[in-house]
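Structural characterization, general
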Amino acid sequence: MSYLRVDEVAELVGVGEEAVRCWIDQGKLTAIPSASGRHWLSGRELARVLCDETAVPGAPNRIRGLVTRIVQDRLLAQVELRAGPLRLVALLGTETVRALGLTVGCVAIAAVPSTQVVVEIP
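Fair warning: this is a prediction, and the values are worked out from it, not measured in the lab.

Describing the sheet that holds strand E2 (residues 31-33)
Across the sheet, three strands lie side by side as E1-E3-E2; this open sheet has antiparallel pairing. Looking at which strands have only one partner, the edges of the open sheet turn out to be strand E1 (3-5) and E2. Going from strand to strand, the sheet's axes swing by 40 degrees on average, the running direction of each strand aside. Relative to strand E3 (residues 39-42), E2 runs antiparallel, the two sharing three bridges. Across the sheet, Pro33 pairs through a bridge with His39, a residue of E3. Running at roughly 90 degrees to E1, helix H1 (residues 6-13) makes contact with E1 and E3 of the sheet.

Laid out in structure tokens, this is it:
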């Protein structure tokens, strides 16, 4: 089984170390203290918690993120989402971006059914 330090968990999840420590204090994650005073977290438990925290019921491979950039012309738009450490880029029709009301700063969901990304509002 794999064990991770608090700083490694923070980097993987895209949050600060203090947020991970709060999750430990709140009982969301179990930390195993070492003799040196460091805390270790089970990779298996982290995976379970992340799945529970970010899953959209009934829909696998959906990632909630913030729209950080939209570049569009008459026909196509490039939409960039940031979700923790992830940067997702999707090409959509300009009309689709308008219909969804996507703007920089709004929350959207990237659905990844296979080799394409579908962006929709939550």
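Some details on the nonpolar core
The tendency in soluble globular proteins is for nonpolar side chains to be buried side by side. Val67, Val79, Leu81, Leu102 and Val119 are the most contacted members of the largest nonpolar core, which totals 13 residues. The set of elements that each furnish at least two residues to this core consists of strand E5 (76-83), strand E6 (86-93) and strand E7 (107-111). With near-sequence residues (within four places) excluded, Val79 lies in contact with Val67, Arg69, Ile70, Leu88, Val89, Ala90, Leu92, Val97 and Leu102. Among the nonpolar cores identified, the runner-up in size contains twelve residues, and Leu4, Ala10, Leu29 and Val49 belong to it.

Description of the pairing of E7
Extensive coverage of E7 is indicated by the burial of four of its five residues. Inspection of the sheet shows strand E4 (residues 62-72) paired to E7 by five bridges, in the antiparallel sense. The residue bridging Arg64 from the neighbouring strand is Ile109, located in E7.

Considerations on the pattern of salt bridges
Counted by the stated rule, this structure contains six salt bridges. Across the salt bridge formed by Glu17 and Arg21, the nearest N and O atoms sit 3.3 Å from each other. Here Glu17 and its partner Arg21 are both found in helix H2 (residues 17-25), four residues apart, which amounts to about one turn of the helix. Judged by its relative accessible area of 35%, Glu17 falls in the partly exposed class. Judged by its relative accessible area of 36%, Arg21 falls in the partly exposed class. With a shortest N-O distance of 3.4 Å, Glu95 and Arg98 are connected by a salt bridge. Here Arg98 and Glu95 lie together in helix H4 (residues 94-100), a separation of three residues that amounts to about one turn.

Concerning the environment of Val104
Mapped onto the secondary structure, Val104 falls in the loop between H4 and E7. With 23 residues separating them in the primary sequence, Val104 and Leu81 have C-alpha atoms 9.2 Å apart. If sequence neighbours within four positions are ignored, Val104 has contacts with Val67, Thr68, Arg69 and Ile70.

Overview of the environment of Gln72
Locating Gln72 in the fold gives a position in strand E4. Expressed as a C-alpha distance, the spacing of Gln72 and Thr94, which sit 22 residues apart in the sequence, is 6.4 Å. With residues up to four places along the chain from it excluded, the contact list for Gln72 reads Ala77, Thr94 and Val97.

The rules behind these values
Residues numbered from 1 in each chain as written. Predicted model: local features only at pLDDT ≥ 70, side-chain atom pairs only at ≥ 80, totals over all residues. Heavy atoms only, no water. Pairing = 2+ DSSP bridges. Helix = DSSP H or I, 4+ residues; strand = E, 2+ residues; numbered from the N terminus. Axes fitted to C-alpha atoms, helices over the stretch in contact; angles between N-to-C directions. Contact = heavy atoms within 4.5 Å. Core = buried A, V, L, I, M, F, W, Y, C linked by side-chain atoms within 4.5 Å. Buried < 20%, exposed > 50% of the residue type's maximum accessible area, 1.4 Å probe, protein only. Salt bridge = Lys/Arg side-chain N within 4 Å of Asp/Glu carboxyl O.

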